[in-house]
Amino acid sequence: MIKRFETKLLEEAFEFIKKQNLKTRNKIFQNIRRAEQQSDPKFFKKLTDEIWEFRTLHAGIQYRLLAFWDKDDKTETLVFATHGIVKKTSKVDKKEIDKANKIRNEYFKNTEK
């Protein structure tokens, strides 16, 4: 199957995943791979115009990695996971979306040529 995009973990997202137990980490990575290959909101869903979430439900717990797209490179499409959360309610807290947007804005500010 063809990859739709390549996922990159920023430091905070990597640290979030690293703190999870092995089975949870494996499930999160499995769902990221699925999201890269198929368009399914069960694994990767748009939250705002700029922010998306990788979704994993494991052992009754909802894990989320917030992310944004970088389509500026013509050779590959990248999705950057900014940070992770364990969801306790049905909606993603606005402060988490704001945090992802702030990281996104810093990324694009630092990559301008």
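These numbers come from a predicted model, not from an experiment. (Residues numbered from 1 in each chain as written. Predicted model: local features only at pLDDT ≥ 70, side-chain atom pairs only at ≥ 80, totals over all residues. Heavy atoms only, no water.)

1. Quick look at the overall build of the chain
Across its full length, the chain holds three helices and five strands. Ordered by position from the N terminus, the helices and strands of the chain form the series β-α-α-β-β-β-β-α. Projecting the C-alpha coordinates of the chain onto the three principal axes gives extents of approximately 45 × 35 × 25 Å. A total of 113 residues make up the chain; the buried ones form 38% of that total. Counting only contacts in the chain whose residues sit at least 6 apart along the sequence, the fraction spanning at least 24 positions is 52%. Just so you have it, the chain exposes about 7400 Å², and 50% of that area is on carbon and sulfur atoms. (Helix = DSSP H or I, 4+ residues; strand = E, 2+ residues; numbered from the N terminus. Buried < 20%, exposed > 50% of the residue type's maximum accessible area, 1.4 Å probe, protein only. Contact = heavy atoms within 4.5 Å. Areas by Shrake-Rupley, 256 points an atom, 1.4 Å probe, with all protein chains shown as cover.)

2. Here we look at helix 1 (residues 11–19)
Looking at helix 1, one finds that the buried residues are Ala13, Phe16 and Ile17. Buried residues of helix 1, seen end-on, are gathered within an arc of 95° and therefore sit on one face of the element. Helix 1 presents Glu11 and Lys19 as exposed residues on the side facing more than 90 degrees away from its buried surface. Those residues of helix 1 that are buried lie in contact with strand 1 (6–9), helix 2 (22–37), strand 4 (61–70) and strand 5 (78–87). (Arc of directions from axis to C-beta.)

3. A closer look at the sheet that holds strand 3 (residues 52–58)
The strand order across the open sheet formed by five strands is 1-5-4-3-2, and the pairing between neighbours is mixed. This sheet does not close on itself; its edge strands, each paired only once, are strand 1 and strand 2 (44–46). Here the strands of the sheet are splayed against their neighbours by 35° on average, with no regard to which way each runs. In terms of strand pairing, strand 4 meets strand 5 through nine bridges, oriented antiparallel. The residue bridging alanine 67 from the neighbouring strand is alanine 81, located in strand 5. On top of the sheet, helix 1 reaches strand 1, strand 4 and strand 5; it is set at about 45° to strand 5, its chief contact. (Pairing = 2+ DSSP bridges. Axes fitted to C-alpha atoms, helices over the stretch in contact; angles between N-to-C directions.)

Shape descriptors only; they carry no functional weight alone.
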